[in-house]
Amino acid sequence: MLGRFRHGYVAPAAILVALLLYAPFVWTAYLSLTRYDGLEPPVWVGLANFGKLFSDPALLTSTRNTLIWVAGTMVLPVGLGLLVAVLSYDIKGGAWYRVPFMLPYALSGAGLAMVWSPVLSHDGIANLLLGVDTAFLQEAPHNTLAMLLVWTWQQLGVNTLLFVVGLQSIPKEPIEAARLDGASGWRLFRHVIWPLMRPLTAVVVGLALVASLKTFDIVWVLTQGGPGRNSETLAVTMYKETFVASEYGYGSAVAVLLTVVTGLASYLYLRRQVR
Amino acid sequence: MFRSRMATFGVAALVLTACGGGNTAAPQKKTELTLYNDKGAWTKFFDEMGALSKQSIGLGMKPTGYTDSAQYQAFIKASFRTNVKPDLFTWQTGGMLEEIVKQKQVADTTAVWQEAIKAGDLLQDLAPYYTIGGKQYCVPMNVAYWGMFYNKKIFDKYGLKPPQTWDDLIKAADTLKQNGVKAFYHTSVLFSFVWFEQLMAGTDPDLYDRLSTGKAKYTDPGVVQVMEKWKQLIDAGYFINPGDKTDPGDVLKNGKAAMVSFGTWFNTSMTQRDMKPGTDYDFFVIPNVNASLPKTSMIFESGPLCSLTKAADPDASMKYLKWWTTAEAQEKWASSRGDVSANPKVTIKDEALGAVTKDAGSGKYRLVNRYFEATPPAILTAALDGFSKFVTEPGTYKEVLDTIQKSADEYWSTHQ
């Protein structure tokens with residue numbers, strides 16, 4: 001009986017996914033092969049947008065900045081998150097130590113940037129407190145690094161939490177056995193705890209990888225990709241080309257490139273992890 | 001199997017019906033219109049206009065203000081293809097207006113213009129900014145003359161007077177510099193073009209016009225010289241840091257910079273900060289760099305208020321546009337914001353702005369279309385990025401001009 005209606009049951013979800021995810025993606029992929037200003041009908045140009053894209057110096061800057069975001073995310077929000085989790089998970093009152101790290105996670109990306117804007121701007125609190133005159137958001141790649149610190153401030157807590165969950169879910173027996181065999185400290189972590197946490201690490205790193213590849217809101221609110229285009233990420237380039245320059249076709253080509261890069265990076269990473 | 005397929009099709013039909021819409025909606029009779037705009041900070045003033053119009057013509061108006069112009073423009077463009085159409089919306093003159101008029105969806109306002117010119121509510125001189133293919137579209141939401149707002153208290157403190165020549169202006173900047181005060185405001189975000197257009201218009205307004213129409217290149221010696229001049233001013237230390245995110249209204253009020261160059265609409269920022277004209281701040285026309293020019297160049301802009309032919313109630317939208325041009329509406333619109341008006345009958349409260357409006361109307365200045373409107377959108381995007389880079393790294397001016405020219409070449413190759 002249930003089998004006869006199974007398509008009907010999944011239909012609403014399938015239709016929504018098709019309409020809201022697959023259809024826009026197919027449409028974007030089509031637009032990437034056209035010249036389209038959002039008003040006149042799209043004009044087919046084949047791969048011209050991709051040709052322009054790969055010879056555009058702005059793409060090089062966006063790619064460089066996006067790679068800094070990816071590498072920085074692995075070292076800071078993920079790496080530090082792991083460190084805080086390891087240092088705090090089995091000490092008395094450890095949860096309270098983690099609370100301050102969690103609070104910023106409640107902010108949206110745009111809200112986060114609004115909070116940090118007066119801190120990092122040239123006349124901002126950071127310069128005042130440090131007694132320096134640094135253009136945190138102006139010179140590349142310092143501006144990307146400064147924004148990466150803001151991102152860390154927000155993301156550290158949730159990564160810590162995920163790692164703590166991972167640490168708490170590790171079976172006690174192998175750790176006890178390792179301790180009885182004399183393992184402790186770094187060796188215990190490196191050879192016993194870390195391998196046992198691998199499934200969860202794969203999830204945390206995978207999520208961070210995707211999130212960093214599509215970095216947009218913090219950059220858009222804090223620098224709008226500037227000055228010039230020196231802090232643009234691929235997602236910011238996509239937005240600017242599409243909605244600011246009204247080059248919907250070219251912007252779609254950037255979107256397709258970003259999707260391919262994100263998909264490929266996720267696939268390669270996860271395939272390696274679940275092997 | 002049949003039932004499950006029917007269920008699937010049923011749900012799909014419902015979803016598609018909800019998403020779709022049909023184009024057969026009959027015109028409604030509206031008593032309140034929605035005015036979409038990218039001037040979110042002016043909501044209070046739009047609200048006041050809505051209350052007044054309801055009283056005067058029985059047609060209310062509610063503003064929906066955006067603060068991100070890219071999002072706003074994307075919404076308006078998308079509305080051309082959907083049934084969610086604004087009753088009224090603000091836009092930009094120049095290439096952007098031409099672009100949407102080509103879609104044949106912007107309501108023709110030729111009759112409103114003719115009537116308003118006849119009644120003395122609009123000046124014929126303004127019509128060209130709104131004329132495309134011999135017809136007028138939209139009405140002026142605002143007009144603005146650009147000049148220099150200055151902190152009067154700082155000027156008085158150092159014995160400075162509004163400059164009559166470019167050299168006077170530089171002398172004033174030097175005096176301020178010697179006293180540890182930054183003379184000028186500039187920014188790397190959005191309004192990065194201000195000093196470029198000012199220096200271009202004050203040096204060679206013909207070249208500026210040719211640049212706007214693709215008849216000159218950004219790499220031409222005249223443009224390079226202007227960039228070098230701009231660089232000299234930055235290198236001399238006259239400007240505040242372009243990355244300073246303080247609102248320019250506060251910059252002037254707090255004396256972070258003694259002078260801020262903007263359109264007369266900036267007076268609204270002064271009004272909002274309870275600053276008194278003639279006491280706390282004042283306004284002067286920026287002298288030409290090139291003293292041999294026959295007239296002082298003044299940057300001019302006019303922002304349109306438009307409606308669509310397929311608006312929910314096109315008659316009501318047109319009635320509203322017509323009312324907007326009247327002296328009654330413009331008196332309120334100008335006085336509440338402390339700004340100038342497109343209607344010459346309106347008395348401008350602010351003495352300095354009133355004088356500028358009068359002089360501009362009498363042909364004393366050479367009015368130069370603001371860079372934002374004068375430059376085609378595709379080139380503008382590259383130029384804003386370029387100037388943003390230049391103000392933070394002035395040494396890159398040649399590279400910046402090359403990049404802008406590359407966009408210009410690409411644009412003019414298909415738009416001449």
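As the structure is a computational prediction, the values presented were derived from the model and not from experiment. (Residues numbered from 1 in each chain as written. Chains lettered and ligands numbered in written order. Predicted model: local features only at pLDDT ≥ 70, side-chain atom pairs only at ≥ 80, totals over all residues.)

## Quick notes on the overall build of chain B
Reasoning step 1: Of regular secondary structure, chain B possesses 18 helices and 11 strands.
Reasoning step 2: Against the compact-globule benchmark of 22 Å for 416 residues, chain B has a radius of gyration of 23 Å, which places it among compact chains.
Reasoning step 3: Dimensions along the principal axes, computed over C-alpha positions, put chain B at roughly 85 × 50 × 40 Å.
Reasoning step 4: The buried share among the 416 residues of chain B stands at 48%.
Reasoning step 5: Restricting the contact set of chain B to residue pairs at least 6 apart, pairs at least 24 apart contribute 76%. (Helix = DSSP H or I, 4+ residues; strand = E, 2+ residues; numbered from the N terminus. Rg over C-alpha atoms; globule rule 2.2 N^0.38 Å. Buried ≥ 20, exposed ≤ 12 C-beta atoms within 10 Å, placed from the backbone. Contact = placed C-beta atoms within 7 Å.)

## Here's the deal with the overall build of chain A
Reasoning step 1: What chain A contains, in helices and strands, is 13 helices and two strands.
Reasoning step 2: The principal-axis extent of the C-alpha atoms belonging to chain A is close to 75 × 70 × 30 Å.
Reasoning step 3: A total of 275 residues make up chain A; the buried ones form 35% of that total.
Reasoning step 4: Across chain A, contacts joining residues at least 24 apart in sequence account for 67% of those joining residues at least 6 apart.

## Focus: the interface of chain A and chain B
Reasoning step 1: In this assembly, 26 residues from chain A lie in contact with 31 residues from chain B.
Reasoning step 2: Elements represented by at least two residues in the side of chain A that touches chain B include exactly α1 (6-31) and α12 (234-244) of chain A.
Reasoning step 3: Looking at the side of chain A that touches chain B, the element that brings in the most residues is α1 of chain A, giving six residues.
Reasoning step 4: When its residues are assigned to classes, the side of chain A that touches chain B shows 12 nonpolar, 11 polar and three charged. (Nonpolar A, V, L, I, M, F, W, Y, C, P; charged D, E, K, R; others polar.)

## Focus on the domain arrangement of chain B
All names here are of chain B.
Reasoning step 1: Each domain of chain B was delimited in the assignment, giving domain 1 (33-143 + 302-362) and domain 2 (145-299 + 369-415).
Reasoning step 2: On a C-alpha basis, the centres of domain 1 and domain 2 stand 27 Å from each other.
Reasoning step 3: The interface of domain 1 with domain 2 comprises 17 residues on the first partner and 20 residues on the second.
Reasoning step 4: Listing elements by their share of the side of domain 1 that touches domain 2, those giving two or more residues are α4 (95-101) and α15 (351-361).
Reasoning step 5: A total of six residues in the side of domain 1 that touches domain 2 trace back to one element, the largest contributor, which is α15.
Reasoning step 6: For the side of domain 1 that touches domain 2, a count of residues per class yields six nonpolar, seven polar and four charged. (Domains from an automatic or database assignment.)

## Let's talk about the UniProt feature "transmembrane region" (unreviewed entry) in chain A
Reasoning step 1: Feature annotation in UniProt assigns "transmembrane region" (unreviewed entry) to the following positions: residues 9-30, 67-89, 101-119, 145-167, 188-213 and 248-270 of chain A.
Reasoning step 2: Taken end to end, residues 188-213 of chain A comprises 96% helix and 0% strand; its first and last C-alpha atoms sit 33 Å apart. (UniProt positions renumbered as here; feature names shortened; annotations may be inferred.)

## Let's talk about unusual backbone geometry
Reasoning step 1: The amide bond that connects Ala140 of chain A to the next residue, Pro141 of chain A, takes the cis arrangement and shows omega of 0°.
Reasoning step 2: Mapped onto the elements, Pro141 of chain A comes out in the loop between α6 (125-130) and α7 (142-168).
Reasoning step 3: The omega torsion across Gly226 of chain A and Pro227 of chain A is -5°, close enough to zero to call that bond cis.
Reasoning step 4: Mapped onto the elements, Pro227 of chain A comes out in the loop between α11 (217-222) and α12.
Reasoning step 5: If you check the backbone angles, Leu190 of chain B has positive phi at about 60° while not being a glycine.
Reasoning step 6: Relative to the helices and strands, Leu190 of chain B is located in the loop between β7 (182-184) and α8 (194-203).

## Section: the nonpolar core
Residue and element names in this part refer to chain B.
Reasoning step 1: Phe149, Ala257 and Met259 are the most contacted members of the largest nonpolar core, which has 150 residues in total.
Reasoning step 2: Domain assignment of the residues forming this core places at least three in each of domain 1 (33-143 + 302-362) and domain 2 (145-299 + 369-415).
Reasoning step 3: With residues up to four places along the chain from it excluded, the contact list for Met259 reads Met148, Phe149, Tyr150, Ala183, Phe184 and Tyr185. (Core = buried A, V, L, I, M, F, W, Y, C linked by C-beta atoms within 7 Å.)

## What to know about the UniProt feature "domain: ABC transmembrane type-1" (unreviewed entry) in chain A
Reasoning step 1: Per the UniProt annotation, the sites labelled "domain: ABC transmembrane type-1" (unreviewed entry) are residues 63-269 of chain A.
Reasoning step 2: Helix makes up 75% of residues 63-269 of chain A and strand makes up 0%, while its end C-alpha atoms are separated by 19 Å.

## Considering helix α5 (residues 110-119) of chain B
Residue and element names in this part refer to chain B.
Reasoning step 1: Every buried residue of α5 is accounted for by Val112, Trp113 and Ala116. Along α5, the residues classed as buried sweep out an arc of 95° about the axis, all on the same side. Residues of α5 that are exposed and angled more than 90 degrees away from the buried face: Ala111 and Lys118.
Reasoning step 2: In this structure, the buried side of α5 is in contact with β5 (135-136), β6 (139-151) and α13 (314-324).
Reasoning step 3: One or two steps after α5, the chain reaches Gly120, where phi turns positive at roughly 80°. (Arc of directions from axis to C-beta.)

## Side note on the environment of Ala183 of chain A
Reasoning step 1: Within the secondary structure layout, Ala183 of chain A lies in the loop between α8 (172-180) and α9 (185-196).
Reasoning step 2: Once residues within four sequence positions are removed from consideration, Ala183 of chain A is found in contact with Ala178, Leu188, His191 and Val192 of chain A.

## Points about the pairing of strand β8 (residues 257-263) of chain B
Residues and elements named next belong to chain B.
Reasoning step 1: Within β8, seven of the seven residues are buried, which leaves it mostly tucked inside the rest of the structure.
Reasoning step 2: Sheet analysis places β6 next to β8, joined by five bridges and oriented antiparallel. By the bridge assignment for β8, Tyr150 is matched with Met259. (Pairing = 2+ DSSP bridges.)

## Considering the pairing of strand β1 (residues 32-37) of chain B
Residues and elements named next belong to chain B.
Reasoning step 1: Bridge count for β1 against strand β2 (residues 60-65) is six bridges, and the pairing is parallel. Along β2, the bridge assignment pairs Tyr36 with Thr64.
Reasoning step 2: Relative to strand β3 (residues 88-90), β1 runs parallel, the two sharing two bridges. Opposite Leu35, over in β3, you have Leu88 as the bridge partner.

## Quick look at the environment of Val112 of chain B
All names here are of chain B.
Reasoning step 1: If you trace the backbone, Val112 turns up in helix α5.
Reasoning step 2: A count of 22 C-beta atoms within 10 Å places Val112 in the buried class.
Reasoning step 3: Residues Val112 and Gln136, 24 residues apart in the sequence, show an inter-C-alpha distance of 8.8 Å.
Reasoning step 4: Leaving out residues up to four positions away in the same chain, Val112 has contacts with Val139, Met318, Leu321, Lys322 and Thr325.

## Looking at the environment of Pro100 of chain A
Reasoning step 1: Here Pro100 of chain A is to be found in helix α4 (residues 94-102).
Reasoning step 2: The sequence separation of Pro100 of chain A and Phe5 of chain A amounts to 95 residues, and the corresponding C-alpha distance is 49 Å.

## Structural notes on helix α5 (residues 109-120) of chain A
All names here are of chain A.
Reasoning step 1: A rise of 1.5 Å per residue sets the reference length of α5, with its 12 residues, at 16 Å; its end C-alpha atoms lie 16 Å apart and thus fit the reference within 8%.
Reasoning step 2: Those residues of α5 lying buried are Leu112, Ala113, Trp116 and Leu120. Across the axial projection of α5, the buried residues extend over an arc of 95°, all falling on one side.
Reasoning step 3: In this fold, the buried residues of α5 make contact with α6, α7 and α11. (Expected span 1.5 Å × (residues − 1).)

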